[in-house]
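Now for the letters of each chain:
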Amino acid sequence: MSQPRRGYSITNENGRHVARSTDGDDLAIHSVYLPRVLDAVDAFWKVLNNIRSLRDLDQSTIDSMPAPRWLRDWIIHPTSHVDLDAAYAQGAC
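This is a predicted model, so every value here is computed, not measured.

## Some points on the packing of aromatic side chains
Scanning the model with the defined rule gives 2 aromatic pairs in all. Seen from their ring centres, Phe44 and Trp70 are 5.6 Å apart, and the 45° between their planes marks the pair as tilted. One end of the pair, Phe44, is in helix H1 (residues 34–48); the other, Trp70, is in helix H3 (residues 69–76), with 26 residues separating them in the sequence. Ring geometry for Phe44 versus Trp74: centroids 5.0 Å apart, planes at 70°, classification edge-to-face. Highlighted residues: Phe44 in helix H1 and Trp74 in helix H3, separated in sequence by 30 residues. In this pair, the class of Phe44 matches that of Trp74, namely buried. Each residue in the set Phe44, Trp70 and Trp74 is aromatic and connected to the rest through ring pairs, giving one cluster.

Procedures and definitions
Residues numbered from 1 in each chain as written. Predicted model: local features only at pLDDT ≥ 70, side-chain atom pairs only at ≥ 80, totals over all residues. Heavy atoms only, no water. Phe/Tyr/Trp six-rings, centres within 6.5 Å; stacked < 30°, edge-to-face > 60°. Helix = DSSP H or I, 4+ residues; strand = E, 2+ residues; numbered from the N terminus. Buried < 20%, exposed > 50% of the residue type's maximum accessible area, 1.4 Å probe, protein only.

Take a look at the structure:
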């Protein structure tokens, strides 16, 4: 069963909650903690909804964003998945 949240579909896959965009992006955000995934989806929505293009951002703009460090790191180096548990273990909250 999936749970919708701000353009993402969240499912439980082998004990991990995985959020995938419903608009076709290949990004998967995952964690064993559902609240962490929900907060991550909200963070993506707040930050990415307010910028026109990732390519237009410079380092100082990214550093000053009111966003968790894992999200600012993702903006600099986008990947197809975000492991929130690993990010939080490294202090990237």
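The structure having been displayed, the exposition proceeds.
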